[in-house]
Amino acid sequence: MKNKPMLESADVKLIAAAAEAEALKNNWAVTIAIVDDGGHLLGLQRLDGAPAISAHIAPAKAHTAAMGRRESKVYEDVINQGRVSFLSAPFISGMLEGGVPIMKDGQCLGAVGVSGVKSTEDAQIARAGIAAIGL
């Protein structure tokens, strides 16, 4: 039997606070979603002024990153390079940049998804959140 690290409530709070700080520092109104390794929602924070749709897009990006164990941008790139049939992949709806997996020792602990500004900025916020727990 193998042991695997898991996100705890305190980790989710640290990630959310650091991601929010990064967004506020840049005056970006976003939604931040944090999921576990199975893509299940652990935290959702919609900052003031964030578009309503971002509350659906951020969790989808996080779910995609967690389930795929890679950044959601990978899927966006596949589609943009012409493999549009990938849009029919089951259970994957957040195929836009801004979902970043939380990896430790080769294991996926979960992911952070952000939506509300440019995709590169969404990913910047997600990475800032993950950095708060030392990963």
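Please refer to the structure placed before this passage.
Residues numbered from 1 in each chain as written. Predicted model: local features only at pLDDT ≥ 70, side-chain atom pairs only at ≥ 80, totals over all residues. Heavy atoms only, no water.

Colleague: When you look at the pattern of salt bridges in this model, what are you seeing that I'm missing?
Modeller: Note that side chains of opposite charge can pair when their charged atoms are close. According to the stated counting rule, one finds five salt bridges in the structure shown. The closest approach of N and O atoms between Asp 122 and Lys 61, which form a salt bridge, is 2.9 Å. Pair noted here: Asp 122 is in helix 4 (residues 119-131) and Lys 61 is in helix 2 (residues 54-68), with a separation of 61 residues, a long-range link. Residue class for Asp 122 comes out buried when judged on its relative accessible area of 1%. In this structure, Arg 127 and Glu 71 form a salt bridge, with 2.8 Å as the shortest nitrogen-oxygen distance. Remark: Glu 71 occurs in the loop between helix 2 and helix 3 (73-80) and Arg 127 occurs in helix 4; sequence separation between them is 56 residues. Under the relative-accessibility criterion, Glu 71 is labelled partly exposed at 23%. (Salt bridge = Lys/Arg side-chain N within 4 Å of Asp/Glu carboxyl O. Helix = DSSP H or I, 4+ residues; strand = E, 2+ residues; numbered from the N terminus. Buried < 20%, exposed > 50% of the residue type's maximum accessible area, 1.4 Å probe, protein only.)

Colleague: Could you clarify how one ought to interpret the packing of aromatic side chains in this entry?
Modeller: If you walk through the whole model with that rule in mind, you get one aromatic pair. Relative to Phe 86, the ring of Tyr 75 lies with its centre 5.4 Å away and its plane at 15°, an arrangement referred to as stacked. Here Phe 86 lies in the loop between helix 3 and strand 3 (99-104) and Tyr 75 lies in helix 3, a separation of 11 residues in the sequence. Looking at Phe 86, the relative accessible area reads 18%, which means it is buried. (Phe/Tyr/Trp six-rings, centres within 6.5 Å; stacked < 30°, edge-to-face > 60°.)

Colleague: Quick question: what am I supposed to make of the pairing of strand 2 (residues 41-46) here?
Modeller: Here is the key point about a regular strand: its side chains alternate between the two faces of the sheet. With five bridges joining them, strand 1 (residues 31-36) and strand 2 adopt antiparallel strand pairing. Bridge pairing in strand 2 links Ile 34 to Gly 43. In this structure, the hairpin formed by strand 1 and strand 2 is closed by a connection of four residues, where Gly 39 is found at a positive phi of approximately 85°. (Pairing = 2+ DSSP bridges.)

Colleague: Please clarify how the environment of Ala 131 should be interpreted in this entry.
Modeller: Note that Ala 131 resides in helix 4. Ala 131 gets classed as partly exposed once you look at its relative accessible area, which sits at 46%. Sequence separation between Ala 131 and Arg 83 is 48 residues; the distance between their C-alpha atoms is 32 Å.

The quantities given are spatial measurements derived from coordinates; they are silent on function.
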